[in-house]
Amino acid sequence: MSLTPDDVKRIARLARIETSDAEALATQARLNTIFDLIAAMQSVNTDGVAPMAHAQDVTQRLRDDAVTETDRHAAFQAIAPAVENGLYLVPKVIE
Amino acid sequence: MTMLQTSLSALAAQLAAGQISSRELARQYLDRIAALNPAINAFITVDAEKTLAEAAAADALIAAGRGGPLTGVPVAHKDIFCTDGWLTTCGSKMLSNFVAPYDAHVIQRFKAAGMPSLGKTNMDEFAMGSSNETSHFGAVKNPWDTARVPGGSSGGAAACVAARMAPAATGTDTGGSIRQPAALCGITGLKPTYGLVSRYGMIAFASSLDQAGPMAPSAEDCALLLNVMTGFDPNDSTSLERDKEDYTRDLDRPLAGLRIGLPKEFFAEGLNSDVAAAVEAAVAELKKLGATTVEISLANSQLAIPVYYVLAPAEASSNLSRFDGVRYGYRAPEYADLNDMYSKTRAQGFGAEVKRRILIGAYVLSHGYYDAYYLQAQKIRRLIADDFAAAFKACDVILGPTAPGTAFTLGEKSDDPVEMYLNDLYTIPANLAGLPGMSLPCGFDSKGLPIGLQLVGDYFSEAKMLNVAHQYQRVTDWHARAPEGLR
């Protein structure tokens, strides 16, 4: 399997990382060496093997449906790039 | 140097007896950091005022008779742990202006134990690297040879302990990030069983693999630190509800009857001959203490790197989607619309290795590739864990090298991601299985660089691993050696 520069630009778009044509070309070569390494996986017979998502076989805990958080929005928004009236500011989304 | 060469238990005893104050101790380490850090670059943030205030509070606790086992002993924290009021960068431009508004659970525990912070240590960006060269704040230099890397991603933590700029440090390990730098810097480091240490407030890389642990000169130090770090935390959904253990309880047990498993795949082609010789000498030493050895096979471990480079980037691509320039951290100065703001912020805020891993992750999770990559990797992950389960029927602990070689020179592998990834050949399998692993010093190569020995234990066998390491360290002095010329 080999990625083309267009593949790289498509993935970069999905990942929301601006990538120029020149960067896509350089990245493509590096990614392909990594995918060559990963290819060793493909020949392994895993029929009937259950996928392992986590090290411990535990189920998610449930907690009481009660408010446990305190209101810290002032502290959290003090470190935001742009805030006004308790709202995070971003470029206009709806015309 | 005397105070700076003292074990944590001896430091704690001197503090409790009033022979030294926490403030005096912190001051000594801060002075040493000021003298050595310009050459080593182990710390991203040092704040003497905050450190000394925390030390004063520790002195008050001791004076009031309310000190714990390590109260007053200072530690350095990897810059991956959110620390209230401290810059917390994760080694990235993306968080270069991020002052955390809360404490990670690990930080809360050290604070509750009365242990002052000496500062935040340098690391590979978002813990992605094996050399500490991907840090936005510059590479860390290995105190044994400043032309060489300290390993990574907890490179600053390992280097500051090796140079005795801190008596101990915290690290995190996703694929070897505690053990490999511990090996390359000649210190002891332990990655606990997955779920023992809370990940709350620890900036996430690959959540099913990430685990925090202690880094210090000796196994005894690590056991004391593990007592502080472990414990159930409702804020981490993968934190395990278990009774609290005392990890020092088995340190003094004799090793007679211990069965050590030697995986033949860890002593195969690709292992540096000096490393192989030092590890074999350590095995001989452990046999003298009464241990026996048995050859085991971890046949699927050779697939650990391919599996890891699917699973870890997949989890990272999801975890790192939170860095969007909206709520905290870096935002690009100029952009046209919302999507452009995201794309430029992330293009400018992330370094090359982090971007590569996000792209790999986005690709293996994308439509049409999920089964071939992500699901196949999760299945092989099971096979790797099954190999360990079979091996632990025949042995009590698995032993091998931590890394295939010793510290390499700065820049030597930074242009070849695959060559860099191979450094974690022996450490990644334990992360995939969720097993505890540790590295301890076992000698030096022909260039005078430290060599690390790795122990991998069964789930929750940290006390046994620390027992083996401590008994080895009672009859050897590799762990007590510090680099010359750093006085």
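Rules used throughout
Residues numbered from 1 in each chain as written. Chains lettered and ligands numbered in written order. Predicted model: local features only at pLDDT ≥ 70, side-chain atom pairs only at ≥ 80, totals over all residues. Helix = DSSP H or I, 4+ residues; strand = E, 2+ residues; numbered from the N terminus. Rg over C-alpha atoms; globule rule 2.2 N^0.38 Å. Buried ≥ 20, exposed ≤ 12 C-beta atoms within 10 Å, placed from the backbone. Contact = placed C-beta atoms within 7 Å. Axes fitted to C-alpha atoms, helices over the stretch in contact; angles between N-to-C directions. Parallel < 35°, antiparallel > 145°, perpendicular 65-115°, else oblique. Nonpolar A, V, L, I, M, F, W, Y, C, P; charged D, E, K, R; others polar.

**Student:** It is not clear to me how the overall build of chain B should be interpreted in this structure. Could you clarify?
**Tutor:** For chain B, the count of helices and strands is 15 helices and 11 strands. Whereas a compact globule of 487 residues would reach a radius of gyration of roughly 23 Å, chain B reaches 21 Å, a difference of no more than 12%. Its C-alpha atoms give chain B principal-axis dimensions of about 65 × 55 × 45 Å. Buried residues in chain B amount to 62% of all 487 residues. For chain B, the proportion of contacts with a sequence separation of at least 24, taken over those separated by at least 6, is 76%.

**Student:** Could you clarify how one ought to interpret the packing of helix H9 (residues 304–319) of chain B against helix H11 (residues 352–364) of chain B in this entry?
**Tutor:** Describing two packed helices takes the angle between their axes plus the distance from one axis to the other. Residues and elements named next belong to chain B. Contact geometry for H9 and H11: axes closest at 7 Å, N-to-C directions at 95 degrees. By the angle between their axes, H9 is roughly perpendicular relative to H11. Two secondary-structure elements touch here, H9 through Tyr-309, Val-310, Pro-313, Ala-314, Ala-316 and Ser-317 and H11 through Arg-357, Ile-358, Ile-360, Gly-361, Ala-362 and Val-364. Among the residues forming the contact of H9 with H11, the class breakdown is 9 nonpolar, 2 polar and 1 charged.

**Student:** Would you mind going over the interface of chain B and chain A with me for this structure?
**Tutor:** How big an interface is tends to be stated in terms of the accessible area lost upon association of its parts. In this assembly, 53 residues from chain B lie in contact with 41 residues from chain A. Secondary structure elements with two or more residues in the side of chain B that touches chain A: H9, helix H10 (338–349), H11, helix H12 (371–391) and helix H13 (417–421) of chain B. Among the elements that take part in the side of chain B that touches chain A, H12 of chain B stands out by supplying 10 residues, more than any other. Partitioned by chemical class, the residues of the side of chain B that touches chain A number 32 nonpolar, 11 polar and 10 charged.

**Student:** Please explain the environment of Ala-60 of chain B as it appears in this structure.
**Tutor:** Residues and elements named next belong to chain B. Position of Ala-60 relative to the elements: it lies in helix H3 (residues 48–63). C-beta crowding within 10 Å serves as the criterion here: with 13 such atoms nearby, Ala-60 is assigned to the partly exposed category. Separated by 345 residues in the primary sequence, Ala-60 and Gly-405 place their C-alpha atoms 46 Å from one another.

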